[in-house]
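Descriptive structure summary
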Amino acid sequence: QISVKSINELLAEAEALIKNDDLSGAEKSLIEIISRDRKNFRAYELLSDVYNLGKNYHQAEEVIKYLIKLSLAEMKRGRLNDKQKEGVEDLEHQMLEVVDIDNNLARYYDDWGRVCEALDKPERALEAYLKASAITPNNPKFLDKIIELSIVIKDVGLAQKTYRRLKEIN
C-alpha cells in the first residue's frame, strides 16, 4: 500500500525540513509539489528560501524570476476576468486580489534584489528595487536600497532624487 502525500502535507513537510536545516529534503518535497501544481506560489517561495539558505543564489534568482512571471500572468488573467464580471462585490474582490498580487510582486522584487546583491550584481539589484518601489512607492526599505545601490553604481542623481522622496515620506 503506497500512500501519496497531499500537497498540503508536502508543504508542511518542506517547512519542517527547512527548520531542521535539511535543505535537500525540503527541495525534493517542493519539487514534487511543483511537478503536480506548476502554479503553487508557496512551493516556489519556499524553494527560493531553500536556495538562498544554501547560498545557491543563481538557482534562487531563477525561481524568483519565475515567481515574478507567474504573478504578472495572474494579474493579466485577473484583468481579463474583470471584463467578464460585473457587480460591486466582484469588483471589491478583484481589487483585493490585485492588492494581494501587488504586495507579493513587490516582495518577489525585493527577494530578487537581495539575491542580485549576493551575486554582486548591483545594477540588477537596483533594477529590482526600482520595480518594487514602483509597486509600493512609499516603502522606505525599498527607497533606502535604491539610495544605497545608486551610490554603489555612482548614479548620484538617482541617489539624490530618491533621498528627497524618502525625506518627504518621513
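Predicted model only: the values in this text are computed from it and were never measured.

**Quick look at the overall build of the protein chain**
The helix and strand inventory of the protein chain stands at eight helices and zero strands. In sequence order, the secondary structure elements of the protein chain are arranged as α-α-α-α-α-α-α-α. Looking at the 170 residues of the protein chain, the share that counts as buried comes to 36%. Within the protein chain, contacts between residues at least 6 apart in sequence are counted, and of these 53% link residues at least 24 apart. With an accessible surface of roughly 10,600 Å², the protein chain has 53% of that area assigned to carbon and sulfur atoms.

**Describing the confidence of the model for the protein chain**
Chain-level pLDDT for the protein chain is 89 on average; 84% of the residues reach the 70-or-more range. Element-level pLDDT for the protein chain is lowest in helix α5 (residues 88–118), with a mean of 78, against a maximum mean of 97 in helix α3 (residues 41–53).

**Notes on the pattern of salt bridges**
Overall, the coordinates contain 13 salt bridges when judged by the stated rule. Residue Lys145 is joined to Glu148 by a salt bridge in which the shortest nitrogen-to-oxygen separation is 3.5 Å. Taken together, the residues span about one helical turn, with Lys145 and Glu148 both in helix α7 (residues 140–152) at a distance of three residues. If you follow the salt bridges from partner to partner, you end up with Glu15, Arg42, Glu45 and Arg107 in one network.

**Topic: the nonpolar core**
The nonpolar side chains of soluble globular proteins are, as a tendency, buried together. Ranked by internal contacts, the top residues of the largest apolar core, which has 42 residues, are Leu30, Ile68 and Trp112. At the level of elements, α1 (7–19), α2 (23–36), α3, α4 (57–84), α5, α6 (122–135), α7 and α8 (156–169) are the ones that each hand at least two residues to this core. If we ignore the near neighbours within four places in the chain, the residues touching Leu30 are Leu11, Ala14, Ala43, Leu46, Leu47 and Val50.

**A word on the packing of aromatic side chains**
According to the stated counting rule, one finds three aromatic pairs in the structure shown. Summarising the aromatic geometry, the rings of Tyr44 and Tyr66 are spaced 5.0 Å apart at their centres and angled 50 degrees between planes, so their arrangement reads as tilted. Of this pair, Tyr44 sits in helix α3 while Tyr66 sits in helix α4, placing them 22 residues apart in sequence. Judged by centre distance (6.2 Å) and plane angle (45 degrees), the ring pair of Tyr129 and Phe142 falls under tilted. Taken as a pair, Tyr129 in helix α6 and Phe142 in helix α7 lie far apart in primary sequence, 13 residues in all. Each member of the pair, Tyr129 as well as Phe142, carries the same accessibility label: buried.

**Remarks on α3**
It helps to recall that an α-helix has 3.6 residues per turn; residues three or four apart then point in one direction. For α3, which comprises 13 residues, the first-to-last C-alpha distance of 18 Å matches the rise-based estimate of 18 Å (1.5 Å per residue) to within 8%. Ala43, Tyr44, Glu45, Leu46, Leu47, Ser48, Val50 and Tyr51 are the residues of α3 that are buried. Immediately beyond the C-terminal end of α3, within one or two residues, lies Lys55, with a positive phi of roughly 60 degrees.

**Let's talk about α8**
If you check α8, its first and last C-alpha atoms are 20 Å apart, about what 14 residues at 1.5 Å a residue would give, namely 20 Å. Buried-residue contacts for α8 involve α6 and α7.

**Focus on the side chain of Ser133**
Take Ser133: it is sitting in helix α6. Owing to a relative accessible area of 4%, Ser133 belongs among the buried residues under this scheme. A polar contact of 2.9 Å, which involves the side chain of Ser133, links it to the side chain of Arg165. Other than its neighbours up to four places away in sequence, Ser133 contacts Phe142, Leu143, Ile146 and Arg165.

**What about the environment of Leu130?**
Looking at the secondary structure, you find Leu130 in helix α6. In this structure the C-alpha to C-alpha distance between Leu130 and Tyr109, which are 21 residues apart in sequence, comes to 8.7 Å. With sequence-adjacent residues up to four places away left out, Leu130 is seen in contact with Ile146 and Leu158.

How each quantity is defined
- Residues numbered from 1 in each chain as written.
- Predicted model: local features only at pLDDT ≥ 70, side-chain atom pairs only at ≥ 80, totals over all residues.
- Heavy atoms only, no water.
- Helix = DSSP H or I, 4+ residues; strand = E, 2+ residues; numbered from the N terminus.
- Buried < 20%, exposed > 50% of the residue type's maximum accessible area, 1.4 Å probe, protein only.
- Contact = heavy atoms within 4.5 Å.
- Areas by Shrake-Rupley, 256 points an atom, 1.4 Å probe, with all protein chains shown as cover.
- pLDDT = per-residue confidence, 0-100.
- Salt bridge = Lys/Arg side-chain N within 4 Å of Asp/Glu carboxyl O.
- Core = buried A, V, L, I, M, F, W, Y, C linked by side-chain atoms within 4.5 Å.
- Phe/Tyr/Trp six-rings, centres within 6.5 Å; stacked < 30°, edge-to-face > 60°.
- Expected span 1.5 Å × (residues − 1).
- Polar contact = N/O pair within 3.5 Å; in protein donor to acceptor, adjacent residues only side chain to side chain.

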